[in-house]
Amino acid sequence: MKNMLKLGLSLAIYASVACVCLSLVNMVTAPAIAAAKERELNAGLAVVFPDADSFEAAPGFTSDTETSVKVTNLYLAKKAGQVMGAVVQANGPTYDKAEMLIGITLDRSITGIQFLSLTDTPGFGQKAAEPEFAGQFAGKSIDDAFSAGDDVDMIGGATITTKGVSQLIKYAAYVAGEFLAANYGGAAGTGEAPVIAEAATPFTFDEACASLFPVEEYGEVTVTDVAEGIGNIVRNMIVEEKAYVTAGNKTIAAMVAVRGQTYKYGGVVLTAVRADGNIIGARILELNDDQNQGQLTLEERYYNQFTGLSAAQTILNGEGKYDAITGATITSDCIADMVKVGAVEAVNMLAAEGLGITAIDQTSYQLNENYLEE
């Protein structure tokens, strides 16, 4: 007992000392890190607007964060005290994501761009930061189309990055141009604001139930959770949620949510199956994937493809049962696997209720298992 107390006391002392040391390290390094970031920012401002001799945060500018492109800061570019334009700081989805500085003159011309960060694929998407690509934006008008392949040269093998960077620059420059026009005598724009489509988001469980069983079609339904089997591992996936759906006193469907691998860090898919063994639909409850292409699986055009398929059939890429998202084949196929596993689990729940449907062996069918090829 004394040894245990001594060990516990020793661990507590070590932990306290470690916390104090970490705190001291943070106190010492935090100002240095902040200073380094400020130097990086100031260097970037000078690069994208070389004719200016000073920069200051624009009074009255409010961050624009309503779309997937986030315009976070705007700095007035001055020469001899006169405003010549601005540098806007923004971030948004590319193939993965990027943060940039973009310089804009009062006449709505781009003076240059600078990446503060770019996490796209090395050897392909990373080429966006090279002068051959980044340099083409200097001199462009904010009101140009910024259309990849038309007035913006493509990066070979990185179409998604090209489009994402072009969209980011177009939108951020527009926001800056409108601010300059409204406050500093900048030229007025010639077109409407660029349309940035809002990214689809995962469903909550309740939202998914309402979407799968609309009142107009099913009337009032009751969803009853099932505890048995939660946490089971099935075909390298984890069963996270199970439920029966009843209308009146009749079981009309079963739902199963499973967690599985995707291109990056995985997700959770809920699949509902009718008592006849056909899939009512699938809804994504969680998805931890790249911000651009992988997230497209959250859109109706992808997940609605599984509606009407039989839970007994394979759901494989190339069979014509679903189209994978271009640039996100692995995630598309992984979600299809989650749909299949969830659908079979739901069928087996219905079979256990004696509804005349035949149970399916979870080891008897093929999956895409695309993630195993990484």
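Since the structure is predicted, the reported quantities are computational estimates derived from the model, not experimental observations.

Engineer: Could you clarify how one ought to interpret the overall build of the protein chain in this entry?
Structural biologist: Along the backbone of the protein chain there are seven helices and 11 strands. The proportion of buried residues among the 374 residues of the protein chain is 45%. In the protein chain, 54% of the contacts between residues at least 6 apart in sequence involve partners at least 24 apart. Carbon and sulfur atoms make up 53% of the accessible area of the protein chain, which totals about 18,400 Å².

Engineer: What's the story with helix α3 (residues 159-183) in this structure? I'm lost.
Structural biologist: Because the α-helix completes a turn every 3.6 residues, residues three or four places apart line up on one side. End to end, α3 covers 36 Å across 25 residues, agreeing with the expected 36 Å (1.5 Å per residue, within 8%). Counting buried residues in α3 gives 18 out of 25 residues, a clear majority hidden from the surface.

Engineer: Before we go on, may I ask you to explain the nonpolar core in this structure?
Structural biologist: Note on soluble globular proteins: their nonpolar side chains tend to be buried together. Core analysis: the biggest nonpolar cluster contains 57 residues, and Phe213, Met255 and Phe306 have the highest contact counts within it. The element that contributes the greatest number of residues to this core is helix α7 (residues 329-352), accounting for 11 residues. In this view, Phe213 contacts Tyr218, Val221, Val245, Ile252, Ala253, Met255, Ala272 and Ile280; residues no more than four positions away in its chain are not counted. Grouped together as the second largest cluster of nonpolar side chains are 38 residues, Ala58, Ala134, Phe137 and Phe179 included.

Engineer: Would you mind showing me how to read the packing of aromatic side chains here?
Structural biologist: In this description, a pair of aromatic rings is defined by centroid distance and the angle of the planes. A complete count under the given rule lists eight aromatic pairs for this structure. Taking the centre distance of 5.1 Å and the plane angle of 70° together, the rings of Phe213 and Tyr218 count as edge-to-face. One cation-aromatic arrangement involves Arg235 over Tyr365; the distance from NZ or CZ to the ring centre is 4.7 Å.

Engineer: Sorry, what's going on with the pattern of salt bridges here?
Structural biologist: Here the idea is simple: oppositely charged side chains can pair when their charged atoms come close. Across all of its chains, the model carries 10 salt bridges by this definition. Across the pair Asp151 and Lys140 runs a salt bridge, and its minimum N-O distance is 3.0 Å. One end of the pair, Asp151, is in the loop between α2 (131-134) and α3; the other, Lys140, is in the loop between α2 and α3, with 11 residues separating them in the sequence. Residue classification places Lys140 among the buried positions, given a relative accessible area of 9%. The network of salt bridges with common partners includes Arg108, Asp143 and Glu178.

Engineer: Got a minute to help me understand the pairing of strand β5 (residues 110-118) in this structure?
Structural biologist: For a regular strand, the rule is simple: side chains alternate between the two faces of the sheet. Note that strand β4 (residues 97-105) and β5 share seven bridges and pair antiparallel. What sits directly across from Glu99, in β5, is Ser117. Counted between consecutive antiparallel strands, the loop separating β4 from β5 contains four residues, among which Arg108 sits at a positive phi close to 75°.

Engineer: How do you make sense of helix α4 (residues 205-212) when you look at a structure like this?
Structural biologist: For α4, the full list of buried residues reads Phe205, Ala208, Cys209 and Leu212. All buried residues of α4 fall inside an arc of 100° around its axis, so they share one side. For α4, exposure combined with an orientation more than 90 degrees from the buried face picks out Asp206 and Ala210. The inward-facing, buried residues of α4 contact α5 (215-218), β6 (222-225), β8 (237-247), β9 (250-260), β10 (267-274) and β11 (279-287).

Rules used in this analysis
- Residues numbered from 1 in each chain as written.
- Predicted model: local features only at pLDDT ≥ 70, side-chain atom pairs only at ≥ 80, totals over all residues.
- Heavy atoms only, no water.
- Helix = DSSP H or I, 4+ residues; strand = E, 2+ residues; numbered from the N terminus.
- Buried < 20%, exposed > 50% of the residue type's maximum accessible area, 1.4 Å probe, protein only.
- Contact = heavy atoms within 4.5 Å.
- Areas by Shrake-Rupley, 256 points an atom, 1.4 Å probe, with all protein chains shown as cover.
- Expected span 1.5 Å × (residues − 1).
- Core = buried A, V, L, I, M, F, W, Y, C linked by side-chain atoms within 4.5 Å.
- Phe/Tyr/Trp six-rings, centres within 6.5 Å; stacked < 30°, edge-to-face > 60°.
- Lys NZ or Arg CZ within 6 Å of the ring centre and 35° of its normal.
- Salt bridge = Lys/Arg side-chain N within 4 Å of Asp/Glu carboxyl O.
- Pairing = 2+ DSSP bridges.
- Arc of directions from axis to C-beta.

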